[in-house]
Amino acid sequence: MKSPWEALKITPLVLLLSHSLASAPYEDQPGTSYSEGHDCVGCVVVVSVIEQLAEVHNSSVQEAMERLCSYLPEKLFLKATCYYLVQMFGSDIIKLLGEAMNADVVCHALEFCKQDGIQSQCHLYPLPQEAWKFTLEKAKRILKRSSTVKYHRSGSNICSLPFLAKICQKIELSVKKSVPFKDVDSDKHSVFPTLRGYHWRGRDCNDSDKTVYPGRRPDNWDVHQDSNCNGIWGIDPKDGIPYEKKFCEGSQPRGIILLGDSAGAHFHIPPEWLTASQMSLKSFFNLPSALTDELNWPQLSGVTGFLDSTSGIEEKSIYHRLRKRNHCNHRDYQSISRNGASSRNLKNFIESLSRNQALDQPAIVIYAMIGNDVCNGKTDPVPEMTTPEQMYSNVMQTLKHLNSQLPNGSHVILYGLPDGTFLWDSLHNQYHPLGQLNKDVTYAHFFSFLSCLQVSPCNGWMSSNKTLRTLTSQRAEQLSNTLKKIATTETFTNFNLFYMDFAFHEIIEEWQKRGGQPWQLIEPVDGFHPNEVASLLLADRVWKKIQTQWPQVLGRENPFNSQIEEVFGDQGGH
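Residues numbered from 1 in each chain as written. Predicted model: local features only at pLDDT ≥ 70, side-chain atom pairs only at ≥ 80, totals over all residues. Heavy atoms only, no water.

Colleague: Before we move on, could you go through the pairing of strand β3 (residues 363–368) and cite the residues and values that matter?
Modeller: For β3, the buried fraction is high: six of the six residues fall into the buried class. Burial of the side chains of β3 extends over both faces: Ala363, Val365 and Tyr367 are buried on one face and Ile364, Ile366 and Ala368 on the other. Examined bridge by bridge, strand β1 (residues 255–260) and β3 share six bridges and lie parallel to one another. Residue pairing for β3: Leu258 is matched across the bridge by Ile366. Taken together, the four bridges between β3 and strand β4 (residues 410–415) define a ladder with parallel strand orientation. What sits directly across from Ile364, in β4, is His411. Remark: the β3/helix α12 (residues 388–405)/β4 crossover connection has right-handed handedness. (Buried < 20%, exposed > 50% of the residue type's maximum accessible area, 1.4 Å probe, protein only. Helix = DSSP H or I, 4+ residues; strand = E, 2+ residues; numbered from the N terminus. Pairing = 2+ DSSP bridges. Right-handed = clockwise from strand over helix to strand, strands pointing away.)

Here you go:
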């Protein structure tokens, strides 16, 4: 099966779109590996944006394409690549849109969408008034002598261009290994933010010394250097006591580690990237960073986020609260998360976790594979779902590995799966960002389009079939019960084990008390992931439950926090 990286090789915006709208599935996730369906989704979305830009600005299609390219940053050669593709495909798109053909017809005619079988009639927009077959034949006649179709059939991809080859290689390696691409001393920590750098795990403070990294116990109380990167080191000249010993000894420092999927990594596509009426030069400023973080924003996530929320709510991430509780925990976070991760494939990247049993501090590990064990893009998704027996085996394998890696005194929390029926219930009659301008695409249409192409991130829950949605939630409940059973019956030498329900209904109730609506808690572009607000509300619930029921998990509040701030300020930041 092809890697999800293949979905990043079609166009610069398909880097964004086809990779993302299928939730960038990991290669072992059944039913959602990269396919021609991703080409189709990416093409339809890009052509839709072009068509809507022309409408919003009352301009020609040529001007709309040039406007879109002008908005893109020059980093990663995004702007140059866009102009290159306009030169390649632009004339044909102009011809077809000029004949009042919609994005579905354009992309089928250009052969980005499959030409035979049931997928030959997959469509996002309402079908043309004329028969679909007649309309498509008319479009093909227009393109009969075009060089565009010949080029597409040649199998070339954007990463074959010399100026993009190195960039593609960097992202591919980052996706495959799940460790920082830039890591001079190979300690799995980096001074670079993206490509699995410090957006994902605490920033290294000496990338030329592999014995220096966040989360380790201090070397000789960090008299001479900051060996654990928490910004506390040296000797107090007043009494000759090392600061690390004075401020951190006995404070029970610990890190936070997430074993998660795209929801935990905070998968996010800003809706202004697809909304013509909101699009401007500022819209794509963060696109290069997002692409090199696999369209995840772990620096803003509910578990390991270290930046203040962009949504304006007061709730903070679990790492943020753990650091506030004890400043000696500064920078000790790791998001071992992957798009499409599940209990089945975690074994393929769990080795990227950085923890030395002999040298490092204990850690709180949150195991949160919340969807992909029941989610896939198959027409009949049930046979591909993880069974309770498989779940038990997979999770036990993970826990045995953790027991061999985590320092004694650690804690592991197994997080259950949600009842995802709220996705359809909350969204199906709302307009998708692509449908807001002309009120022509609801989430029901969008979900149906992805399902038809067999690239839905979760056909079981993103379906009009209520029976299927119910079956998916029933399997999710069975898997949650398996996790609960493991937590209550299994014991391990180096960590205590707990279980917590994924009670999204409580988050919805809390949000409604604040005057919000349930659909506002879901990512608007993919219609699947919890958004930043939901992630932080979930983190708040997790923190409060731990504080109430298992306070020993969090360690002590450090009475020296104010003194640490007085001496070391922000401790070097993040």
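More follows now that the structure is in view.
Colleague: Kindly report on unusual backbone geometry, identifying the contributing residues and their values.
Modeller: Residues other than glycine seldom take positive phi values, yet Leu195 does so here, at roughly 50 degrees. A positive phi is found at Leu295, a non-glycine position, where the angle reads about 65 degrees. Looking at the secondary structure, you find Leu295 in the loop between α10 (287–291) and α11 (318–325).

Colleague: Go over empty space enclosed by the protein, please, and point to the residues and values.
Modeller: Going through the model one piece at a time under the given rule, you end up with eight cavities of 30 Å³ or more. Of the pockets and cavities examined, the second largest cavity occupies roughly 220 Å³. Around the second largest cavity, the lining comprises 18 residues; the ones closest to its centre are Ala263, Gly264, Val303, Tyr415 and Leu538. Counting only elements with at least two residues in the lining of the second largest cavity, the list comes to β3 and α17 (532–549). For the lining of the second largest cavity, the leading source of residues is α17, giving four residues. A class-by-class count of the residues in the lining of the second largest cavity yields 13 nonpolar, four polar and one charged. (1 Å grid on protein atoms, 1.4 Å probe; cavity = no way out; pocket = protein on both sides within 12 Å on 5 of 7 lines; lining within 4 Å. Points joined across faces, edges and corners; volume = space filled by probe spheres on them. Nonpolar A, V, L, I, M, F, W, Y, C, P; charged D, E, K, R; others polar.)

Colleague: Describe the confidence of the model for the protein chain, and please don't skip the residues or the numbers.
Modeller: Overall, the prediction assigns the protein chain a mean pLDDT of 91, with 90% of residues at 70 or greater. Confidence over residues 1–33 falls short of pLDDT 50; this stretch has 119 contacts with residues more than four positions distant or in other chains. (pLDDT = per-residue confidence, 0-100. Contact = heavy atoms within 4.5 Å.)

Colleague: Can you explain the pattern of salt bridges? Please cite residues and give values.
Modeller: As a working rule, side chains carrying opposite charge can pair if their charged atoms are close by. Taken as a whole and judged by the stated rule, the model has 13 salt bridges. Residue Glu294 pairs with Arg196 through a salt bridge whose shortest N-O separation is 3.0 Å. Taken together, the residues span a long stretch of sequence, with Glu294 in the loop between α10 and α11 and Arg196 in the loop between α8 (162–177) and α9 (243–248) at a distance of 98 residues. Note on Glu294: relative accessible area 4%, which makes it buried. According to the relative accessible area criterion, Arg196 is buried, its value standing at 1%. (Salt bridge = Lys/Arg side-chain N within 4 Å of Asp/Glu carboxyl O.)

Colleague: Describe the sheet that holds strand β5 (residues 495–500), with residues and values.
Modeller: Backbone-to-backbone hydrogen bonds join strands into a sheet, with any given pair of strands oriented parallel or antiparallel. Taken in spatial order, the five strands line up as β2-β1-β3-β4-β5 in an open sheet, and their pairing is parallel. A single partner strand is all that each edge strand has here, and the edge strands are β2 (333–337) and β5. Within this sheet the neighbouring strands show an average axis-to-axis angle of 15 degrees, counted without direction. Of the strand pairs in this sheet, β1 and β2 are connected by five bridges, and their pairing is parallel. Within the sheet, the bridge partner assigned to Gly260 lies in β2 and is Ser337. With respect to the sheet, helix α15 (residues 466–489) is in contact with β3, β4 and β5, its orientation differing from that of β5 by roughly 150 degrees. The strands touched by α17 within the sheet are β3, β4 and β5, with β5 carrying the most contacts at an inclination of about 125 degrees. (Axes fitted to C-alpha atoms, helices over the stretch in contact; angles between N-to-C directions.)

Colleague: I'd like to hear about the packing of α12 against α15, residue by residue, with values.
Modeller: The description of two helices packed together rests on the angle between their axes and the distance between the axes. Look at α12 against α15: their axes get within 9 Å of each other, and the N-to-C directions meet at 40 degrees. With respect to each other, α12 and α15 are oriented oblique. The handedness of the crossing between α12 and α15 is right-handed. Of the residues in α15, those touching α12 at Pro388, Met391, Tyr392, Val395, Met396 and Leu399 are Arg475, Gln478, Leu479, Thr482, Leu483 and Ile486. A class-by-class count of the residues in the contact of α12 with α15 yields nine nonpolar, two polar and one charged. (Parallel < 35°, antiparallel > 145°, perpendicular 65-115°, else oblique. Left-handed = near helix turned anticlockwise from the far one by under 90°.)

Colleague: Hey, could you go over the state of the cysteines for me, with residue numbers and the actual values?
Modeller: For the structure on display, the rule yields seven disulfides. Across the disulfide from Cys43 sits Cys107; the S-S distance is 2.0 Å. Disulfide Cys43-Cys107: the torsion about the S-S bond is -90 degrees, which places it as left-handed. Taken together, the residues span a long stretch of sequence, with Cys43 in helix α2 (residues 36–56) and Cys107 in helix α5 (residues 103–109) at a distance of 64 residues. Residue Cys69 pairs covalently with Cys82 via a disulfide, S to S 2.1 Å. Classification of the bridge connecting Cys69 and Cys82 rests on its S-S torsion, roughly -75 degrees, and on that basis the disulfide is left-handed. Within this pair, whereas Cys69 is found in helix α3 (residues 61–71), its partner Cys82 is found in helix α4 (residues 78–98), the two being separated by 13 residues in sequence. Accessibility classification places Cys69 together with Cys82 in one group, the buried group. (Disulfide = S-S within 2.5 Å.)

Colleague: Which residues make up the packing of aromatic side chains, and what values go with them?
Modeller: The geometry of an aromatic ring pair comes down to the distance between the two centres and the angle between the two planes. Evaluation of the coordinates by the stated rule reveals 15 aromatic pairs. Ring centres 5.2 Å apart and planes at 85 degrees place the aromatic pair Tyr243 and Phe568 in the edge-to-face group. One end of the pair, Tyr243, is in helix α9; the other, Phe568, is in helix α18 (residues 561–568), and 325 residues separate them in sequence. Judged by its relative accessible area of 12%, Tyr243 is buried. Consider the rings of Phe502 and Phe504, whose centres lie 6.0 Å apart with planes at 15 degrees: the pair is stacked. Like Phe504, Phe502 is buried. Each residue in the set Tyr243, Phe247, Phe560 and Phe568 is aromatic and connected to the rest through ring pairs, giving one cluster. Directly above the aromatic system of Trp200 lies the positively charged group of Arg196, at a separation of 3.7 Å from the ring centroid. (Phe/Tyr/Trp six-rings, centres within 6.5 Å; stacked < 30°, edge-to-face > 60°. Lys NZ or Arg CZ within 6 Å of the ring centre and 35° of its normal.)

Colleague: Outline the environment of Cys168, supporting the account with residue identities and numerical values.
Modeller: Among the secondary structure elements, Cys168 is positioned in helix α8. Sequence separation between Cys168 and Thr292 is 124 residues; the distance between their C-alpha atoms is 9.7 Å.

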